[in-house]
Amino acid sequence: MTFETQGLRRVVNNPALSAAQKARALSIEAENAMPYPQLDAETHAALEARVICDMYEGHAPYRPRYVLPDYGVVLTCGSDWLELPVPQTLDEAINTLMIAYHHVPSVTGMPVYVGQLDDLLLPFCEGVSDEALYQKLKLFWRYIDRVLPDAFLHANIGPSDNRVARTILRVDAELGQIAPNLTFRYDPAISTEAILAQAIANITICSKPHIANHPLHAATFDARGYGIVSCYNALPQAGGASTLTRINLLEVAKRSHDTDDFLTNTLPQYVALNVRLAQARIDYLFDQSGFFDSFLVTEGWIDRGRFTAMFGIFAMAEAVNHLLLKSGNPGRYGRDAEANALGHAISARLTDLVAAQPMRNVWRDRAMLHSQAGLSTDTGLTPGVRIPYGTEPDPVVHVLALAPHHQYYPSGISEILTLDETVKANPAAVMDLCKGAFASGFREFTANIGGNDLVRVTGYMIRLSDVARFNALKGARTNTTALGAEAAKLTAILDRKPRVVAYELAAGADR
Amino acid sequence: MNLPQARIAKILLWSCVDGPGNRLVLFLQGCNFACAACHNPHTIGQCNDCGDCIPACPTAALSLAGGRLHFDPARCTQCDDCLAACPISANPMALPYSVADILTLLHRHRAFLSGITVSGGEPTLQTGFVTALFAAIREDPDLAGLTCFVDSNGHLGALGWQGLLSVTDGVMLDIKAFGPALHLAMTGRSNARSLASAKIAHAAGKLYELRYLIVPDQTDSPGEIARLIRFASDLGGPQRIRLNAFHHQGVRGVAADWLSAPRQAVEVVAEQLRHAGLGPVIVPAVWL
């Protein structure tokens, strides 16, 4: 064994990390001391050059990146493995979920999905008073934030207007916690105006929830449904995503003579390599790790056939501007029609290329395209297909420039619309923006209100006051604050006013 | 039919501070007041084609052709240097728009909007255009549900309001001051018509919001606030009032030396209004 002990020592002695955070960082170092899954030379070279990227998921995939259990199974059947009876009361149901969460892995070491909570809990609410429901959910919410303090952890509610959804919105605004992250699934045919208004009012208070365009997502998935987890990832429920590998479009553009070469030769080449990288990781997970022998599969919480491969892309803005500049055109992605049209053409091309690559042990045999929200180390590169920080047009023009992309990214795409504080006095304007975005084809609506302490960085929530405290080296209680602090320093995210970065402890927080 | 055109300084597709919901806002060029405290002084005058702004433009977006000033929006980088160069507080970037132009914009952005607000400048100086536009919106089934608002200083006469109010859903009316001498000093005009306009709009059930600007040591005296309370109370029924706080952003000339209205002073006035049974009272969401 050849551990690089200096790095380990740095983890152990880091005064800003808790003992649990150190244990987690040490486990990542141990995993990465093993050899990487077997890659061909070409794929290996592309990964080394970071034209393609494995999100620093680790060298030995022993659990899927994202797991979305059907928690309805344990609530209706109990669990032999966990020796849990079928819950009969709301207290028992919440207690069963709290136990269940501890057995659901993900790349972060914590669950990224805590369920479609209103569907799960409503059957247990008969005879429970509004006040009791409020108290119980408040304690449940506090438990999630304090025990699973990871902002990638995501709860879903909606589209119906119901007591549980309303109470969760009330509690979430009141507590202003980073966890859980929250999505309200909106369907104009099912949701009421009142519950959408409550969700929108929450956005003006704590920049949560995200609003998901439910009819669009529902049509992408099947009868077993979907969940929104982590940073705006839409994935099959009772399944998830085995891995997320991504292409740096700017690096691909730099390796192209011109736009035509990019679309015809270079992009197809790197799409194929990114698929090979994902396949190597999936092969290890399915054929060697033993993950799918777990009780989660045998008891039916998850189905090994429902795990997708997320095919991520980022730096679309820089790639488009780079290609236009090669042809002597100073492109301004997000502002000029020609630049935007090239972006849309690249997204369409990516869709065709990914659809032409069959994969093993992947839901529906093809990867799902994903507009990837970024890593805290992505200096100078814009997440996904977003418009670069500080150059965004007004929110309406912003939405219209990006809307045509949304049809191409079924496993998730989001733009964070940063609105100034004046909108707090007029939440109806945010509602208009949300409805306009959905009418234009947006899959997700996410807004940050300037001046909120709680802000969205690239996909998760951080408290600005936590960032300030962390920078003063006082340490942080939550895992994602370290990432947010690093992202803020490296990627100018707070210039824009808040944005998103992803979690990558090994590559990021401890460097 | 030959519909009137308007000269418009700026169009916003996103505004959350010009009435309920998100609104498309037209800032019409030209104003009949000359307020020292104006935050958009370049919207006051009308261009007289003098050409003094042309050398100020770094991208040659401005030129004279046949004695008329020509503005090329494609070359403009919105640096606003021309506004500083204009000797008469006009705006060489203001462009003429037809009713059809604005209807096209509304159709394109319908899903994002609660309505349209005409502001300025003083939009009622171009009442013919505004009335024709609002009437056309009402007749267009694809634009059903959009509300039409006017943000005005109230200097329009009673006859003018008659036609305009018939196609307007809401008026946001600025009262700059209540004391006649103070109003004259602040705006260059009497406030008699402004006060009358508030009553007219209120009687028609269309006074959405009364607006009052707090300028320290001028409009925040106990006498002024007492008159504001009396005026709003005399209208009868609850009245939405927005208190704006004077700040220096965009202000030119003598008012640049005035004090900004501190949050606490504005909150005190707001509390007085609420105590008198008025409201809702809206104070700024952001303090500069």
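S.K.: Outline the overall build of chain A, supporting the account with residue identities and numerical values.
M.R.: In terms of regular secondary structure, chain A is built from 20 helices and 15 strands. Scored against the burial criterion, the 511 residues of chain A give a buried share of 63%. In chain A, of all internal contacts separated by at least 6 residues, the share reaching a separation of at least 24 is 78%. Carbon and sulfur atoms make up 54% of the accessible area of chain A, which amounts to about 17,900 Å² in all.

S.K.: Any details on the packing of aromatic side chains? Residues and values, ideally.
M.R.: Residues and elements named next belong to chain A. One pass over the full model with this rule turns up 17 aromatic pairs over all chains. Seen from their ring centres, F291 and F292 are 5.0 Å apart, and the 90 degrees between their planes marks the pair as edge-to-face. Classification of F292 by relative accessible area gives buried; the value is 6%. Chaining the aromatic ring pairs together yields one cluster made of Y71, W81, Y101, Y113, F140, W141, F295 and W301. Of note, R185 hangs over the ring of Y226, and the distance from its end group to the ring centre comes to 4.8 Å. Just above the ring of F314 sits the side chain of R246; from NZ or CZ to the centre is 3.7 Å.

S.K.: Explain the pattern of salt bridges to me, using residue names and the numbers behind them.
M.R.: Scanning the model with the defined rule gives 31 salt bridges over all chains in all. Taking the shortest distance from any N to any O, the salt bridge between D130 of chain A and R163 of chain A comes out at 3.1 Å. Highlighted residues: D130 of chain A in helix α7 (residues 130-147) and R163 of chain A in helix α8 (residues 163-175), separated in sequence by 33 residues. A salt bridge links E267 of chain B to R263 of chain B; the shortest N-O distance between them is 3.3 Å. Residue E267 of chain B and its partner R263 of chain B are located together in helix α8 (residues 263-275), separated by four residues, close to a single helical turn. Given a relative accessible area of 49%, R263 of chain B falls into the partly exposed group.

S.K.: Residue-level account of the interface of chain B and chain A, with values.
M.R.: Taken residue by residue, the interface counts 15 residues in chain B and 21 residues in chain A. Carbon and sulfur atoms make up 72% of the area that chain B and chain A hide from each other, which totals about 1,400 Å². Along the contact surface separating chain B from chain A lie zero salt bridges. Inspection of the region where chain B meets chain A yields six residue pairs in polar contact (both at pLDDT 80 or more).

S.K.: Go over the packing of helix α4 (residues 158-165) of chain B against helix α6 (residues 192-203) of chain B with me, naming the residues and quoting the values.
M.R.: All names here are of chain B. Between α4 and α6, whose axes approach to 11 Å, the crossing angle comes to 30 degrees. Between α4 and α6, the angle is such that the two are roughly parallel. In this structure, α4 meets α6 at a crossing whose hand is right-handed. Taking contact as the criterion, the partners of A158, W161 and L165 in α4 are, on α6, S197, I200 and A201. For the contact of α4 with α6, the per-class residue count stands at five nonpolar, one polar and no charged.

S.K.: Give me the domain arrangement of chain B: which residues, what numbers.
M.R.: Assigned domains of chain B: these are domain 1 (6-42 + 94-282) and domain 2 (50-85). One C-alpha centre belongs to domain 1 of chain B, the other to domain 2 of chain B, and the line joining them spans 29 Å.

S.K.: How would you sum up the nonpolar core? Please name residues and give values.
M.R.: By size, the foremost hydrophobic cluster in this structure holds 198 residues, and its most contacted members are F445 of chain A together with L243 of chain B. By residue number, the principal contributor to this core is helix α12 (residues 259-287) of chain A, which donates 13 residues. Beyond its immediate chain neighbours, meaning those up to four positions away, L243 of chain B contacts Y212, I214, L228, V266, V269, A270, L273, V281, I282, V283 and P284 of chain B.

S.K.: Hey, could you go over α7 of chain A for me, with residue numbers and the actual values?
M.R.: All names here are of chain A. With 18 residues, α7 should cover 26 Å at 1.5 Å per step; its first-to-last C-alpha distance of 26 Å lies within 8% of that length. All of the buried residues along α7 are L133, Y134, L137, K138, F140, W141, Y143, I144 and D145. Contacts from the buried residues of α7 go to α5 (90-101), α6 (117-121), β4 (154-157), α8 and β5 (181-186).

S.K.: Describe the packing of α8 of chain A against helix α9 (residues 193-206) of chain A, and please don't skip the residues or the numbers.
M.R.: All names here are of chain A. Interaxial distance between α8 and α9 falls to 10 Å at its minimum, and their mutual angle equals 15 degrees. Classified by the angle their axes make, α8 and α9 are roughly parallel. Of the two possible hands of crossing, α8 and α9 adopt the one that is left-handed. Contacts from A165, R166, L169, R170, D172 and A173 in α8 reach A194, I195, Q198, A199, N202, I205 and C206 in α9. Classifying every residue of the contact of α8 with α9 gives eight nonpolar, two polar and three charged.

S.K.: Residue-level account of the pairing of β5 of chain A, with values.
M.R.: Residues and elements named next belong to chain A. Of all six residues in β5, six are buried; the element is thus mostly enclosed. A two-sided burial pattern is seen for β5, the buried positions comprising N181, T183 and R185 on one face and L182, F184 and Y186 on the other. As judged from the four bridges shared by β4 and β5, these two strands associate in the parallel manner. Residue pairing across strands places A155 opposite L182, the latter belonging to β5. Of the strand pairs in this sheet, β5 and strand β6 (residues 210-213) are connected by four bridges, and their pairing is parallel. Within the sheet, the bridge partner assigned to R185 lies in β6 and is A212. With α9 bridging β5 and its parallel neighbour β6, the resulting β-α-β unit is right-handed.

S.K.: For the domain arrangement of chain A, give the residues involved together with the corresponding values.
M.R.: Residues and elements named next belong to chain A. Considered domain by domain, chain A is made up of domain 1 (67-229) and domain 2 (238-413). If you look at the interface, domain 1 gives 20 residues, while domain 2 gives 17 residues. Taken together, the two surfaces of domain 1 and domain 2 that pack against each other cover about 1,500 Å², and 63% of this comes from carbon and sulfur. Run the count over domain 1 and domain 2 and you get one salt bridge. Between D222 and R306 there is a salt bridge, with its nearest N and O atoms 2.9 Å apart. Of all the secondary-structure elements, those providing two or more residues to the side of domain 1 that touches domain 2 are β2 (66-68) and α4 (72-77). Of the residues in the side of domain 1 that touches domain 2, the class split is 11 nonpolar, five polar and four charged.

Quick notes on the rules
Residues numbered from 1 in each chain as written. Chains lettered and ligands numbered in written order. Predicted model: local features only at pLDDT ≥ 70, side-chain atom pairs only at ≥ 80, totals over all residues. Heavy atoms only, no water. Helix = DSSP H or I, 4+ residues; strand = E, 2+ residues; numbered from the N terminus. Buried < 20%, exposed > 50% of the residue type's maximum accessible area, 1.4 Å probe, protein only. Contact = heavy atoms within 4.5 Å. Areas by Shrake-Rupley, 256 points an atom, 1.4 Å probe, with all protein chains shown as cover. Phe/Tyr/Trp six-rings, centres within 6.5 Å; stacked < 30°, edge-to-face > 60°. Lys NZ or Arg CZ within 6 Å of the ring centre and 35° of its normal. Salt bridge = Lys/Arg side-chain N within 4 Å of Asp/Glu carboxyl O. Buried area = accessible area lost by both parts, 1.4 Å probe. Polar contact = N/O pair within 3.5 Å; in protein donor to acceptor, adjacent residues only side chain to side chain. Axes fitted to C-alpha atoms, helices over the stretch in contact; angles between N-to-C directions. Parallel < 35°, antiparallel > 145°, perpendicular 65-115°, else oblique. Left-handed = near helix turned anticlockwise from the far one by under 90°. Nonpolar A, V, L, I, M, F, W, Y, C, P; charged D, E, K, R; others polar. Domains from an automatic or database assignment. Core = buried A, V, L, I, M, F, W, Y, C linked by side-chain atoms within 4.5 Å. Expected span 1.5 Å × (residues − 1). Pairing = 2+ DSSP bridges. Right-handed = clockwise from strand over helix to strand, strands pointing away.

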